[in-house]
Amino acid sequence: MNKRSIRIFDINLATQQVEVSHREDLDHYLGGTGLAAKLFSETMDPALDALHPDQPVILANGPLNTIFPVVTKVVAVFRSPLTGEYGESHAGMRLGLAMRGAGVDALILRGKADKPTYLVIGPQGVKFKDASALWGLGCGETGTILRRIAPGRGHRSCIRIGPSGEKAVAFAGVNVDTYRHFGRLGMGAVFGSKNLKAAVIYGDRDESIQNMKAYRPTYEKIYQKVVNTDLMEKYHDLGTSINVIPLNELKALPTRNLQQSSFEAAEAISGETFAEKTLLRQVACSGCPIGCIHLGLFREEFGKSHEYKFQSLSYDHELIFALGSYLGMSTTQKIYQLIDEVEQLGLDAITAGVALGWVIEALDTGIIRKEEVLTPVAFDDPEGCKKVLGNMVQQPNDFYRTLAKGTEAAAEVYGGMEFAMTMGKHEMAGYHTGHANLVGMAVGSRHSHLDNAGYSVDQKHRDQDPKTLVEALVQEEKQRNVLTSLCICLFARSIYDTETVLEALNSVGIERSAADLEALGEEIYALKNDLRHQLGFDLDNLRFADRFFETPSLSGQLSRKVLDEMLEYYQSITK
Amino acid sequence: MEKILKVADIDRCIGCYSCMLACSRTLRKSFAPSRASLQIHTAGGFQSKFVAEICRGCDNAPCALVCKYGALIVREGGGVKFKEDKCVGCGECVEACIIDVLHFDEDRKKSMPCIQCGSCVRFCPHEVLAMEVKTDE
Ligand code: SF4
Ligand code: SF4
Ligand code: SF4
């Protein structure tokens, strides 16, 4: 079997040296998740803190990226400053295309630059550039300046952090081409700890098609499948925000720090309302004919005589939940105010929202004092929330310095654990569907709802016994490892069944069998499990807030007994 | 009458680049969208509008008129026909294109003209592009 050679740039920010390697032994991992996890296992040190300069960030592309429909993601792996454990994050937009054009399959970023730096990565190699003038700027301005000064006009990608990454907020993200993010687990803080403000990646390397007879019909078949199924309707039309109303009706929409699971103002912040009142257009990641990224108009009056400013901001279900229902925000306008703030600061929207929910309730119940929070803040109060968000980043006192480490870290010091809505120190996502959702996030390799889609397991296997739920979670996670090693957007998971994946791979000369793929899913599952154990994961340390069991869910009232049974069974099958 | 490529409505574009992939695949046997005869890009990041750089299918195409080797030939209905084997890679057609949409492939040392084949149109999911007969307005 012909082995592909994986081309890697190992970039050391401290020494400004780059080691280029070509590794056939990594062909086996395909790319994406598998490749990144493997490179991470070779380069990380479990004895060092997540923000230690020597800890690596890995970025990995996949062999089918851009050249097959909806194969658009780049996978990042790092040690998460939020959980302390295995961190993995996916983002699309133009990054995959740009890495392909630059002729690099994976990047390893390590060391700490002696001053703020941005990288330019292209056909002429890697350049280390002074980013002093960019330090402190928001994600938007940083992008605007880099577009002007960096090379590779046209189809380059620009990834950057905002002030939150610079200030080591444990849930700072990395912004990718304005509208996508490496979110959730604090990759922005890892960039900041390296004095790395941004990277611009570009290149127009040619790549000839070896087997046109196989490739062309395969591409065309998949393309037709994508544009002719209900995927377009589901993800292009209203996008994931189509879920707000049904989740609300099913009592699965986390509201006011999960004090409720349905929101009386759901209609006013639904996908339908966002579309009718604000939708400007949809855009796509490069190579994706669906175009799920919804951009809406945020228009704000700033002066007395009809003076308005406007922006186009991206919205989806997770944002509407985290900065909307979860904070009791009753209008699209209020949600946009928070999205705008979170984007410029470069924070992860979900974690920022869930942390805010905890702050509001903690203040309300008197666990923390107004002198600590420094501002009044309440549900449905965007002004107060914006001040808290700003303080999370600026960290003017001990309270905010603790909060910048995450919701659970703050609850550990100040109390309020019973309503600190995290699993494995990771803030909950926009579903309160049942036990599989809780267990899925708790045992997922990176504590993400996307590891194993517990929220969907709850809906698909309603009223099933605990064992069935756990088995479905584990099975899903293994399968997803294969899809994300190929950098396939999970929205297209129904298109890319095993047969289609094999056909696509084989048409570009990558020979695999169904058994190979299954074995790879297992292998990556084991690899990530091993990594997180090295980094401190312990099933016995998992904690579930009382609130999860008090507020009714889509599956009714949840019980600790069922949860424990599931965890026990999980332990027995993964030992 | 032969049709030529038109931008029907750029405001419907989502920036998926399926059109460029189709063109590179069909004409250049390449995976790289940079090898396409049309280029879709943002005017200034994703907040801005998309821009389509396509061959406008000139009558008596200036690019063809400067070609001394018979590689680019004036096409009936507008634009050019391309006899790739005759292209010596002088690049004069690229200079001659009045709107700077004709590019040169530095690897293959050949010009990359649009031949009005319509492949890109077939793969645009949003009817941004169209093949139409040239009108005289
Ligand atoms: S390449 Fe330029 S000059 Fe030639 S036909 Fe097209 S637009 Fe006209
Ligand atoms: S009409 Fe044909 S040659 Fe012209 S841009 Fe479209 S695909 Fe390329
Ligand atoms: S295929 Fe259509 S929607 Fe996609 S980039 Fe091209 S013109 Fe735009």
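On a predicted model such as this, the values are computed, not experimentally measured, just so you know.

*Asks:* What should I look at first to understand the sheet that holds strand β13 (residues 279-283) of chain A in this one?
*Replies:* Residues and elements named next belong to chain A. Taken together, 3 strands build an open sheet; the order of strands is β13-β14-β15 and the sheet is antiparallel. Each end of this open sheet is capped by a strand with a single partner; those strands are β13 and β15 (307-315). With strand direction ignored, the average angle separating the axes of adjacent strands in the sheet is 30°. Bridge count for strand β14 (residues 293-303) against β15 is 9 bridges, and the pairing is antiparallel. By the bridge assignment for β15, Phe298 is matched with Gln311.

*Asks:* Just checking my understanding: could you explain the interface of chain B and chain A for this structure?
*Replies:* Taken together, the 36 residues of chain B in the interface contact 41 residues of chain A. The contact between chain B and chain A buries some 3000 Å² in all, and 58% of this surface belongs to carbon and sulfur atoms. If you sort the residues of chain B by the area they bury against chain A, B:Arg25, B:Phe31 and B:Phe46 come out on top, with a joint share of 29%. Viewed at the interface, chain A and chain B are joined by 2 salt bridges. Across the salt bridge formed by A:Asp206 and B:Arg108, the nearest N and O atoms sit 2.8 Å from each other.

*Asks:* Mind showing me how you'd approach the packing of helix α9 (residues 271-278) of chain A against helix α11 (residues 332-345) of chain A here?
*Replies:* When two helices pack together, their arrangement is given by the angle between their axes and by how far apart the axes lie. Residue and element names in this part refer to chain A. Two elements in contact, α9 and α11, have axes whose closest approach is 11 Å; the angle formed by their N-to-C orientations is 85°. If you check the angle between α9 and α11, you find them roughly perpendicular. Two secondary-structure elements touch here, α9 through Thr273, Phe274, Lys277 and Thr278 and α11 through Thr332, Ile335 and Tyr336. Taken together, the residues of the contact of α9 with α11 sort by class into 3 nonpolar, 3 polar and 1 charged.

*Asks:* I keep staring at the domain arrangement of chain A and nothing clicks. Help me out?
*Replies:* By convention, interface size is frequently given as the accessible area that disappears when the constituent parts associate. All names here are of chain A. The domains assigned to chain A are domain 1 (6-202), domain 2 (230-392) and domain 3 (426-574). Its C-alpha centre places domain 1 at a distance of 27 Å from the equivalent point of domain 2. Between domain 1 and domain 2, the residue contacts involve 28 residues of the former and 23 residues of the latter. Between domain 1 and domain 2 lies a buried interface of about 2000 Å² when both sides are counted; carbon and sulfur atoms form 58% of it. For the domain 1 face of the interface with domain 2, the top three residues by lost area are Phe171, Tyr179 and Arg184, together amounting to 33%.

*Asks:* I would appreciate a short explanation of the site of ligand 2 in the present structure.
*Replies:* As a matter of local geometry, ligand 2 sits amid B:Leu5, B:Cys23, B:Leu27, B:Ser37, B:Leu38, B:Cys114, B:Ile115, B:Gln116, B:Cys117, B:Gly118, B:Ser119 and B:Cys120. Across the shell around ligand 2, the residue classes break down as 8 nonpolar, 4 polar and no charged.

*Asks:* Mind showing me how you'd approach the layout of surface pockets here?
*Replies:* Take a probe with the size of a water molecule and roll it over the atoms, and the empty space left behind shows itself. All names here are of chain A. By volume, the second largest pocket amounts to about 690 Å³. Along its surface, the second largest pocket is lined by 31 residues, and Arg4, Pro63, Arg100, Glu207 and Val508 are the ones closest to its centre. Counting only elements with at least two residues in the lining of the second largest pocket, the list comes to β1 (6-12) and α2 (95-102). Here the residues of the lining of the second largest pocket are counted per class, giving 11 nonpolar, 10 polar and 10 charged. Inspection of the lining of the second largest pocket shows a minimum of three residues originating in each of domain 1 (6-202) and domain 3 (426-574).

*Asks:* What should I look at first to understand the sheet that holds strand β2 (residues 17-23) of chain A in this one?
*Replies:* The strands that make up a sheet are held in pairs by hydrogen bonds between backbone atoms, and each pair lies either parallel or antiparallel. All names here are of chain A. As summarised here, the arrangement of the 6 strands in space is β2-β1-β6-β3-β4-β5, forming an open sheet in which the pairing is mixed. Because the sheet does not close on itself, it has two edges, and the strands there are β2 and β5 (86-91). For this sheet, the mean angle separating the axes of adjacent strands, direction not counted, is 15°. As paired strands, β1 and strand β6 (residues 106-110) are joined by 5 bridges and run parallel to one another. Pairing of Asp10 across the sheet is with Ile108, part of β6.

*Asks:* Please clarify how the site of ligand 1 should be interpreted in this entry.
*Replies:* Residues and elements named next belong to chain B. The full set of residues close to ligand 1 is Cys55, Arg56, Cys58, Ala61, Pro62, Cys63, Cys97, Ile99, Val101 and Leu102. Mapping ligand 1 onto the cavity grids shows that it belongs to the largest cavity. Residues that form the shell around ligand 1 fall into these classes: 9 nonpolar, no polar and 1 charged.

*Asks:* For this particular structure, what's the right way to read empty space enclosed by the protein?
*Replies:* All names here are of chain B. Evaluation of the coordinates by the stated rule reveals 8 cavities of 30 Å³ or more. When its volume is computed, the largest cavity comes out at roughly 170 Å³. Contributing to the lining of the largest cavity are 15 residues, with Cys55, Cys63, Cys97, Val101 and Leu102 lying nearest its centre. Within the lining of the largest cavity, the residues separate by chemical class into 13 nonpolar, 1 polar and 1 charged.

*Asks:* Just to check I follow, could you spell out the packing of helix α6 (residues 212-228) of chain A against helix α21 (residues 498-507) of chain A for this structure?
*Replies:* Residue and element names in this part refer to chain A. It is at 8 Å that the axes of α6 and α21 come closest, and there the two elements cross at 145°. Crossing of α6 over α21 shows left-handed handedness. In this structure, α6 uses Ala214, Tyr215, Thr218, Lys221, Ile222 and Lys225 to contact α21, whose residues at the interface are Thr500, Glu503, Ala504 and Ser507. A per-class count over the contact of α6 with α21 returns 4 nonpolar, 3 polar and 3 charged.

*Asks:* Mind showing me how you'd approach the pattern of salt bridges here?
*Replies:* When their charged atoms lie close together, side chains carrying opposite charge are able to pair. This structure, assessed with the given rule, holds 37 salt bridges over all chains. Put simply, A:Arg100 and A:Glu207 hold a salt bridge, and the shortest N to O gap is 2.8 Å. A residue pair is termed long-range when its members are at least 10 positions apart, and A:Arg100 in helix α2 and A:Glu207 in the loop between β12 (196-201) and α6 qualify at 107 residues. According to the relative accessible area criterion, A:Arg100 is buried, its value standing at 14%. Here the salt bridges share partners, and the residues they tie into one network are A:Asp206, B:Arg35, B:Asp105, B:Asp107 and B:Arg108.

*Asks:* For this particular structure, what's the right way to read the pairing of strand β9 (residues 157-160) of chain A?
*Replies:* The two faces of a sheet get side chains in turn, since along a regular strand they alternate between them. Residue and element names in this part refer to chain A. Along β9, one buried face is formed by Ser157 and Ile159 and the opposite face, lined by Cys158 and Arg160, is buried too. In terms of strand pairing, β9 meets β12 through 4 bridges, oriented antiparallel. Considered in β12, the bridge of Arg160 is made with Ala198. Relative to strand β10 (residues 174-176), β9 runs antiparallel, the two being bridged by 2 bridges. Counted as the bridge partner of Arg160 is Asn175 from β10.

*Asks:* Which parts of the structure should I look at to understand α11(A)?
*Replies:* Structurally, the α-helix is built with 3.6 residues per turn, so residues lying three or four positions apart point the same way. Residues and elements named next belong to chain A. In this model α11 runs 20 Å from its N-terminal to its C-terminal C-alpha over 14 residues, within 8% of the 20 Å that 1.5 Å per residue would give. Counting buried residues in α11 gives 10 out of 14 residues, a clear majority hidden from the surface. Listed as buried for α11 are Thr332, Ile335, Tyr336, Gln337, Leu338, Ile339, Asp340, Val342, Glu343 and Leu345. Just beyond α11, the residue with positive phi is Gly346, at close to 80°.

How each quantity is defined
Residues numbered from 1 in each chain as written. Chains lettered and ligands numbered in written order. Predicted model: local features only at pLDDT ≥ 70, side-chain atom pairs only at ≥ 80, totals over all residues. Heavy atoms only, no water. Pairing = 2+ DSSP bridges. Helix = DSSP H or I, 4+ residues; strand = E, 2+ residues; numbered from the N terminus. Axes fitted to C-alpha atoms, helices over the stretch in contact; angles between N-to-C directions. Contact = heavy atoms within 4.5 Å. Buried area = accessible area lost by both parts, 1.4 Å probe. Salt bridge = Lys/Arg side-chain N within 4 Å of Asp/Glu carboxyl O. Parallel < 35°, antiparallel > 145°, perpendicular 65-115°, else oblique. Nonpolar A, V, L, I, M, F, W, Y, C, P; charged D, E, K, R; others polar. Domains from an automatic or database assignment. Near = heavy atom within 4 Å. 1 Å grid on protein atoms, 1.4 Å probe; cavity = no way out; pocket = protein on both sides within 12 Å on 5 of 7 lines; lining within 4 Å. Points joined across faces, edges and corners; volume = space filled by probe spheres on them. Sits in = over half its atoms within 2 Å of the grid points. Left-handed = near helix turned anticlockwise from the far one by under 90°. Buried < 20%, exposed > 50% of the residue type's maximum accessible area, 1.4 Å probe, protein only. Expected span 1.5 Å × (residues − 1).

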